[in-house]
Amino acid sequence: MKLDSVTVVPFPDSAAWAAFYEKFFGPLVNSLNHAYGLADRQDAVEEAFYKLMFKKDRDAYEKEPGTESDWFHALRWQARAELSHRRERDERHAKYVEEAAKALADVFACGHQCEDMDAELRSRALVRAMETLRKEQDISRRDLDIYTGIETGEVSGRELATRYHTTSGNVYVIKYRVGRRLRKYGPRCFERAIKKEGYISFTFAA
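Just so we're clear, the structure is a prediction, and the values are computed from it rather than from any experiment. Here, residues in each chain are numbered from 1, in the same order as that chain's written sequence. pLDDT decides what is reported in this predicted model: residues at 70 or higher carry local features, side-chain atom pairs at 80 or more are listed and counted, and totals for whole chains, interfaces and linings draw on all residues regardless. Heavy atoms from the whole structure form the basis of all side-chain values; hydrogens and water molecules are not counted.

Some remarks on the overall build of the protein
Then, in step 1: Along its length, the protein carries 8 helices and 0 strands.
Then, in step 2: Sequence-ordered secondary structure for the protein, helices as α and strands as β, is α-α-α-α-α-α-α-α.
Then, in step 3: Dimensions of the protein, computed from the C-alpha atoms along their principal axes, are close to 70 × 55 × 25 Å.
Then, in step 4: The cut-offs for exposure are 20% and 50% of the maximum accessible area for each residue type, with area from a 1.4 Å probe on protein chains only; residues under the lower value are buried, those over the upper are exposed, and the others partly exposed. Looking at the protein as a whole, 37% of its 206 residues are labelled buried.
Then, in step 5: The contacts of the protein with a sequence gap of at least 6 include a subset with a gap of at least 24, amounting to 72%.
Then, in step 6: In the form shown here, the protein has an accessible surface area of approximately 13,000 Å², with 50% of it arising from carbon and sulfur atoms.
Then, in step 7: Mean positive and mean negative side-chain charge positions of the protein (35 and 34 charges, respectively) differ by 4 Å. In DSSP terms, a helix is any run of H or I states spanning at least four residues, a strand is any run of E spanning at least two, and both are numbered starting from the N terminus. In this description, contact between two residues means that some pair of their heavy atoms is separated by no more than 4.5 Å. Residue-level accessible areas treat just the shown protein chains as cover; the underlying method is Shrake-Rupley with a 1.4 Å probe. All tallies of charge rest on Lys and Arg as positive and Asp and Glu as negative; His and the ends of each chain are not included. Every charge is mapped to an atom, namely NZ of Lys, CZ of Arg, CG of Asp or CD of Glu.

In structure tokens, the structure reads:
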């Protein structure tokens, strides 16, 4: 794609943004790091257009883009930033889920004979079980934080109430409800996760 880096263009209106979108979208997606999946790159470009069109005021630019080439690179920079933030969020989330799964391992593995289970397989199964349980039972991160904090004794109910702007009574209601769902559905999720991870491990080993 050839970009005009000479002709100065007016600050984009809705029609200009539509033209930019039609011309730039594909090349922007292809210009991003292919270590990210296609869907992630497309989402990042969509978000870049959204932020520059609706969220960023003209006065916010340290140096306002002046040419077609300038606008392409402004959008690319924004898309790259979005991908970077997304990876950071994903890494933080993955670490959070792993730590929560370890803290609640006894609940998930309740009644399961897993002494001889490979430690890496068990760890992956716990993480998968945690993600499955949160998704299927619609357990928010706040509610899981409250349950885990009280269950492990790392945080008091009063501290959690302050952190989440609620009452100590409500904190213990949340802890009870989450605990009930964990005990009821956690072991089932763990069993399914073991089968899934076991199948994956066997597939790679074959």
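Quick notes on the environment of E64
Then, in step 1: Along the chain, the position of E64 falls in the loop between α2 (38-55) and α3 (68-103).
Then, in step 2: Placed 53 residues apart in sequence, E64 and F11 show a C-alpha to C-alpha distance of 8.6 Å.
Then, in step 3: With residues up to four places along the chain from it excluded, the contact list for E64 reads F11 and R58.
Then, in step 4: A distance of 2.9 Å separates the side chain of E64 from the side chain of R58, its partner in a polar contact. In the analysis that follows, any N or O atom pair within 3.5 Å is treated as a polar contact, provided that within protein one partner can donate a hydrogen and the other can accept it, and provided that, for residues neighboring in sequence, both atoms belong to side chains.

Digging into a nonpolar patch on the surface
Then, in step 1: A cluster of nonpolar side chains, Y50, M53 and F54, forms an exposed patch at the surface whose accessible area comes to about 310 Å².
Then, in step 2: Tracing the backbone shows M53 in helix α2.
Then, in step 3: For M53, a relative accessible area of 30% gives the class partly exposed. To count toward a patch, a residue needs a relative accessible area above 30% and no salt bridge. Like charges then connect within 9 Å, nonpolar side chains (Val, Leu, Ile, Met, Phe, Trp, Tyr) within 5 Å. By definition, a salt bridge exists where a carboxyl oxygen of Asp or Glu is found within 4 Å of a side-chain nitrogen of Lys or Arg.

Some remarks on the nonpolar core
Side chains of nonpolar character tend, in soluble globular proteins, to be buried together.
Then, in step 1: Counting 30 residues, the largest nonpolar core has L104, F108, M130, L144, L182 and F190 as its most contacted members.
Then, in step 2: Per-element tally for this core: the top contributor is helix α8 (residues 168-205), with 8 residues.
Then, in step 3: With 20 residues, the next largest nonpolar core counts W17, L32, F49 and Y61 among its residues. Nonpolar cores were defined as sets of buried Ala, Val, Leu, Ile, Met, Phe, Trp, Tyr and Cys residues, with membership established by side-chain atoms within 4.5 Å.

Notes on the environment of R41
Then, in step 1: Relative to the helices and strands, R41 is located in helix α2.
Then, in step 2: Separated by 11 residues in the primary sequence, R41 and N30 place their C-alpha atoms 8.2 Å from one another.
Then, in step 3: Not counting chain neighbours up to four residues away, the residues in contact with R41 comprise V29, N30, L32, N33, H34, Y36 and L83.

Examining the pattern of salt bridges
Then, in step 1: Taken as a whole, this structure holds 9 salt bridges when the rule is applied.
Then, in step 2: The partner of K51 in a salt bridge is E82, and the shortest N-O contact between them spans 3.6 Å. Of this pair, K51 sits in helix α2 while E82 sits in helix α3, placing them 31 residues apart in sequence.
Then, in step 3: Through salt bridges with shared partners, one network takes in D40, D43, K51, E82 and R86.

Notes on the side chain of R86
Then, in step 1: Inspection of the secondary structure assignment puts R86 in helix α3.
Then, in step 2: Judged by its relative accessible area of 18%, R86 falls in the buried class.
Then, in step 3: Those residues within four positions of R86 in sequence are excluded, and the remaining contacts are D40, D43 and A44.

Quick look at unusual backbone geometry
Then, in step 1: Of note in the backbone geometry, D138 takes a positive phi value of approximately 55° without being a glycine.
Then, in step 2: The class for D138 is exposed, based on a relative accessible area of 66%.

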